[in-house]
Amino acid sequence: MPAWARTVDAIGLGEDIGMLMIALTLHQRYGVEVAHVRLANTQLGMLSLVAFSAVLSSSIELSPSCFAFWLSLFLALLVSALLWLLGRLKSSRKVVFKF
């Protein structure tokens, strides 16, 4: 198994337990809708962490460590910026009816 796959697996396994506890608590306190939205947003937010870890683990052996870190950081910030832009684009298309 490549190094980047082990990193993604470790992140996936570790974060699942934390997200499960948060989702159960939100479900008990606020209901299904709040827990569902929060969990979906958390999973989207993890994409930048996955991008950082995958790029770092795959490039650390092929390039100098400083370059691998900065490349990973840049790509993680790029993923975050793209998610933010997608969210802004999606929210600007919503139609709100006021009576």
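Predicted model, so just to flag it, every value in this text is computed and none were measured.

### Digging into empty space enclosed by the protein
Then, in step 1: For the coordinates displayed, the defined rule picks out one cavity of 30 Å³ or more.
Then, in step 2: Volume-wise, the largest cavity comes out at about 30 Å³.
Then, in step 3: Around the largest cavity, the lining residues are M19, I22, A23, L26, A35, R38, L39 and T42.
Then, in step 4: Secondary structure elements with two or more residues in the lining of the largest cavity: α1 (3-30) and α2 (32-59).

### With respect to the packing of aromatic side chains
Then, in step 1: This structure, assessed with the given rule, holds two aromatic pairs.
Then, in step 2: Centre to centre, the rings of F52 and F69 are 6.0 Å apart; their planes meet at 85°, and the pair counts as edge-to-face. Of the two residues, F52 sits in helix α2 while F69 sits in helix α3 (residues 65-92), which places them 17 residues apart along the sequence.
Then, in step 3: On the basis of an interplanar angle of 75° and a centroid distance of 5.3 Å, the ring pair of F69 and W70 is categorised as edge-to-face.
Then, in step 4: Judged by relative accessible area, which is 35%, F69 ranks as partly exposed.
Then, in step 5: Connected via pairs of aromatic rings, a cluster forms that spans F52, F69 and W70.

Rules used throughout
- Residues numbered from 1 in each chain as written.
- Predicted model: local features only at pLDDT ≥ 70, side-chain atom pairs only at ≥ 80, totals over all residues.
- Heavy atoms only, no water.
- 1 Å grid on protein atoms, 1.4 Å probe; cavity = no way out; pocket = protein on both sides within 12 Å on 5 of 7 lines; lining within 4 Å.
- Points joined across faces, edges and corners; volume = space filled by probe spheres on them.
- Helix = DSSP H or I, 4+ residues; strand = E, 2+ residues; numbered from the N terminus.
- Phe/Tyr/Trp six-rings, centres within 6.5 Å; stacked < 30°, edge-to-face > 60°.
- Buried < 20%, exposed > 50% of the residue type's maximum accessible area, 1.4 Å probe, protein only.

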